[in-house]
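Summary of structural features
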Amino acid sequence: MAWLGLLLGFGALSGLSLEVGRFERQAAAEVASKLQGDQKRVSIRAELGLPPFEIHRASITASDFTTPGLPLFTEPQRSRRGKIHTLDLKLQNFELRGLKVESLEATIPHCRFDWDLAVQKRQFRLSQSGVGTGRVRIREADLAAWILRKFHQVKTVAVKVMQDIVWVEGSGEFLIAKTNFAVIAKLEAEDGVRIRLTQAKIYLDWQRADALTAQVLLDALNPVVDLRADLGLYDAVSIEGFRLRDGVLEAWGKTKIPDLPAPSSGSAPPFRSTPPGRG
């Protein structure tokens, strides 16, 4: 994110706003260097304000990339002189720790950054993030691939997303026995970060499972996705609702840029290449 430091430093020192486009291109190249994928595409747009240490709106658009975790955190101990009134993220067709995502869009207001560091050393460090809103879309086939990768017990799986339910069907080894299973359930977001199957009807070899057996299988599959443990998102996203239609899981909620984890906190490292389970 030193791209914003380059952009702001140029604006403050020379005042030649016509050069903004050149620095946006340099910024996009820097962001692209932190992402993986031969087909990755990144663009940056920034609307400078007055005084020059204010940015009205900064937008990061990227697609066709993979990333092992969050590349951006806030560092609260730094100066808050610089302001970004609105930060927009528009990401499409990317993979985060093995989970393929169709799109993610977020709008985050009231961000602060270390202006002096940006000007003097051309390095950009966020010091504060506001709380905004975001929306993510995941295709049913990509959710199936994630389940197969994460859960060792599941050997084959297909997922259907329709009419506010998710249908998970496949074969696996549960209770030391191999069986075909089907789960018809709704989704809930436990504490805003763990996506769980709920209100589930469970079938084993197309016979309705008894309560104990059903609970064992449900416990084995839940949570389907843990935004913190599986994806390393810390408190960047808090899910508030779902829409399940036409083969797409859509979730929305609050978003922010999380604080940089302390090295001695015992937290998982910011980057890990594969989710728990397979890989």
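Above this note sits the structure.
Everything quoted here is computed from the prediction, not taken from an experiment.

**A word on the pairing of strand E9 (residues 177–190)**
As defined by bridge partners, strand E8 (residues 165–174) adjoins E9 across 9 bridges and the pair is classed as antiparallel. Within the sheet, the bridge partner assigned to Gly172 lies in E9 and is Thr179. Inspection of the sheet shows E9 paired to strand E10 (residues 194–204) by 9 bridges, in the antiparallel sense. Opposite Glu188, over in E10, you have Arg196 as the bridge partner. With antiparallel pairing between neighbouring strands as the criterion, E9 and E10 make up a hairpin whose turn holds 3 residues, including Asp191 at a positive phi of roughly 55°.

**Concerning the packing of aromatic side chains**
Under the criterion given, the structure shown has 3 aromatic pairs. Judged by centre distance (5.1 Å) and plane angle (5°), the rings of Phe65 and Phe94 are stacked. Here Phe94 lies in strand E3 (residues 82–96) and Phe65 lies in strand E2 (residues 54–67), a separation of 29 residues in the sequence. Note on accessibility: Phe65 and Phe94 belong to one class, buried. Considering the side-chain rings of Tyr203 and Trp206, the 6.3 Å spacing of their centres and the 35° angle between planes classify their relative orientation as tilted.

Calculation notes
- Residues numbered from 1 in each chain as written.
- Predicted model: local features only at pLDDT ≥ 70, side-chain atom pairs only at ≥ 80, totals over all residues.
- Heavy atoms only, no water.
- Pairing = 2+ DSSP bridges.
- Helix = DSSP H or I, 4+ residues; strand = E, 2+ residues; numbered from the N terminus.
- Phe/Tyr/Trp six-rings, centres within 6.5 Å; stacked < 30°, edge-to-face > 60°.
- Buried < 20%, exposed > 50% of the residue type's maximum accessible area, 1.4 Å probe, protein only.

So, to be careful, I would describe these as geometric facts and stop short of saying anything about function.
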